[in-house]
Amino acid sequence: MKKIAVLVSGGGTNLQAILDAEKSGIIKSAKVVTVISDSEGAFALTRAEKAGVEAVCIPKKSADFEARLIGLLDEKNVDLIVLAGFLSILSSEFTRHFEGKIINIHPSLIPSFCGKGFYGLRVHQAALARGVKLTGATVHYVNEIPDGGRIIAQKAVEVLPGDTPEALQQRVMKEAEHVILPQAIEDICSVDAAESEGR
Ligand code: GAR
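Note that the coordinates shown come from a computational prediction; the quantities given were computed from them, not determined experimentally. (Residues numbered from 1 in each chain as written. Predicted model: local features only at pLDDT ≥ 70, side-chain atom pairs only at ≥ 80, totals over all residues. Heavy atoms only, no water.)

### Focus on the site of the ligand
Reasoning step 1: Surveying the vicinity of the ligand reveals 14 residues, the closest of which are Gly12, Thr13, Asn14, Gly120 and Glu177.
Reasoning step 2: Between the ligand and Gly12 there is a distance of 2.8 Å, counted from an oxygen atom to a backbone nitrogen or oxygen.
Reasoning step 3: Within the side chain of His106, an N or O atom sits 3.3 Å from a nitrogen atom of the ligand.
Reasoning step 4: Those elements that place two or more of their residues in the shell around the ligand are helix H1 (13-24), strand E5 (102-106) and helix H6 (165-196).
Reasoning step 5: Class assignment of the residues belonging to the shell around the ligand gives a composition of six nonpolar, seven polar and one charged. (Near = heavy atom within 4 Å. Polar contact = N/O pair within 3.5 Å; in protein donor to acceptor, adjacent residues only side chain to side chain. Helix = DSSP H or I, 4+ residues; strand = E, 2+ residues; numbered from the N terminus. Nonpolar A, V, L, I, M, F, W, Y, C, P; charged D, E, K, R; others polar.)

### Quick look at the pairing of E5
Reasoning step 1: In terms of burial, E5 is largely enclosed, as five of its five residues are buried.
Reasoning step 2: Of the two faces of E5, the one carrying Ile102, Asn104 and His106 and the one carrying Ile103 and Ile105 are both buried.
Reasoning step 3: Bridging between strand E4 (residues 80-83) and E5 involves three bridges; their strand directions are parallel. Opposite Ile81, over in E5, you have Ile102 as the bridge partner.
Reasoning step 4: At this point the chain moves from E4, through helix H4 (residues 92-97), to the parallel E5, and the crossover so formed is right-handed.
Reasoning step 5: Where E5 meets strand E6 (residues 134-141), four bridges bridge the pair, whose relative direction is antiparallel. Among the inter-strand pairings, Ile105 is bridged to a residue of E6, identified as Val139. (Buried < 20%, exposed > 50% of the residue type's maximum accessible area, 1.4 Å probe, protein only. Pairing = 2+ DSSP bridges. Right-handed = clockwise from strand over helix to strand, strands pointing away.)

Structure follows, in structure tokens:
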């Protein structure tokens, strides 16, 4: 069984999708062992506690933020770090330390509407302003370039007439993010498990 850390900043609907997928058996090769938030008020922490999972807050403002984060992740000896609505940008020291072990969910079809400054609702505001008819979500590996790592999975979602950024965000989460993120976790962890058992 692979050990996962989920890093969050806010509401945690993607975290919930991961926890639900563990329960329903969509994720069967991995287990969330810790949820770490960079902000104190994050509802994601409550979701973790409700599910009986360790919930830790390391405030983004703390001077030793990344050192504490690395320390905790090393201590837990996690196999995969999932950025699920985690809005802090990680340094290249961090991404190198966990090379090939970090994935992120982004609410657009990369390479559209991604990179520095594109996060949360801003992504959907930009998609509507540009007038795209299709948007979606992407799961990708994390390297030193924001949203620049290798793409693992994508799912397209239609933009509908009259969409607001909020309505579009909800549809992209429900139809794309909450589907492809748990599946990508299982795909990665089941392959890793098979390799380490020599199957
Ligand atoms: C999600 O839409 C996620 O894709 C996005 O923030 C939201 C968090 O929601 N992440 C980014 O924009 C990262 N660049 P959640 O806390 O309910 O999962």
